[in-house]
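Okay, here's what each chain looks like letter by letter:
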Amino acid sequence: MHPTKQEMRRTMLSTLKAAAAQDPTGRRSAALRRLLAPLLCSVEPLAVAVYAALPHEVDLLPLLEEYPRHRFCFPRCGTQHRMTFHHVTSPATQLVPAALGIPAPAEDLPVVAPQDFDLVLVPGLAFTEAGARLGYGGGYYDRFLPLCTNARITAAAFAEQMLPHVPTDEHDVTIPHIIHL
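Residues numbered from 1 in each chain as written. Predicted model: local features only at pLDDT ≥ 70, side-chain atom pairs only at ≥ 80, totals over all residues. Heavy atoms only, no water.

**Q** Now, about unusual backbone geometry: what can you tell me, with residues and values included?
**A** A positive phi is found at Gln80, a non-glycine position, where the angle reads about 55 degrees. Within the fold, Gln80 resides in the loop between strand E2 (71-77) and strand E3 (83-87). Overall, the relative accessible area of 64% leaves Gln80 in the exposed class. (Helix = DSSP H or I, 4+ residues; strand = E, 2+ residues; numbered from the N terminus. Buried < 20%, exposed > 50% of the residue type's maximum accessible area, 1.4 Å probe, protein only.)

Set out below in structure tokens:
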């Protein structure tokens, strides 16, 4: 019998926090960001949806300095488990503490429509090679991703996040591209 989503979330959070504690210099995040580089090498400016990483996730903030020609947008969680993404040029001043202590863009920053994204980088706790994703349980990305009709939907995952099975429900969105170490 497979674990429930809640059980797997607890297990994966524990696993990822332990792995992050073993990597205080962030080498794993740096390696995974290098694997993302081919997606960002476009000469044309791209609209890229990213997220402010929790300590156990891939740190994406350095991408803003490494690829300044692109428009990087961060999510702001709203009512009814919906998100808006806002263009951020200076994370140090434009990201503010929000729900669960996760930094989010200030409300007055420009909103980017889902269909305007070229690339969406999706967080998650666990993934399968087939693209099943175990998120944090709010359903925000499952509601947002179907609106991103022109974007390459991608997740960056550490090796321990890749599992043979992840419990899913009918409404869970599959991630078509997963980059992992």
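Alright, that's what it looks like, and here's the rest.
**Q** Got a sec to walk through the nonpolar core? Specific residues and values, please.
**A** Of all hydrophobic cores here, the largest spans 43 residues; its most connected members are Phe117, Val120 and Leu121. Mapped onto this core, the elements with two or more residues apiece are helix H2 (27-36), strand E1 (47-49), helix H3 (62-66), E2, E3, strand E7 (119-122), helix H5 (140-144) and strand E10 (152-157). Apart from residues lying up to four places away in sequence, Phe117 is in contact with Ala47, Val48, Ala49, Cys73, Phe85, Val112, Phe144, Asn150 and Ala151. Counting residues in each nonpolar core, the second largest holds eight residues, with Met8, Met12, Ala126 and Ala132 among its members. (Core = buried A, V, L, I, M, F, W, Y, C linked by side-chain atoms within 4.5 Å. Contact = heavy atoms within 4.5 Å.)

**Q** Residue-level account of the pattern of salt bridges, with values.
**A** By the definition in use, this model includes six salt bridges. With a closest N to O distance of 2.7 Å, Lys5 and Asp172 form a salt bridge. Within this pair, whereas Lys5 is found in helix H1 (residues 5-21), its partner Asp172 is found in the loop between E10 and strand E11 (177-180), the two being separated by 167 residues in sequence. Under the relative-accessibility criterion, Lys5 is labelled buried at 16%. Of the charged contacts, one joins Arg33 and Glu66 as a salt bridge, the two residues approaching to 3.8 Å between their closest N and O atoms. Within this pair, whereas Arg33 is found in helix H2, its partner Glu66 is found in helix H3, the two being separated by 33 residues in sequence. Each of Lys5, Asp169 and Asp172 takes part in a single network of salt bridges with overlapping partners. (Salt bridge = Lys/Arg side-chain N within 4 Å of Asp/Glu carboxyl O.)

**Q** Describe the state of the cysteines, listing the residues and the values that go with them.
**A** Applying the stated criterion across every chain, the model contains zero disulfides. A disulfide-free cysteine, Cys73 has its sulfur positioned 11 Å from the sulfur of Cys148, the nearest such atom. Residue classification places Cys73 among the buried residues on the basis of a relative accessible area of 0%. (Disulfide = S-S within 2.5 Å.)

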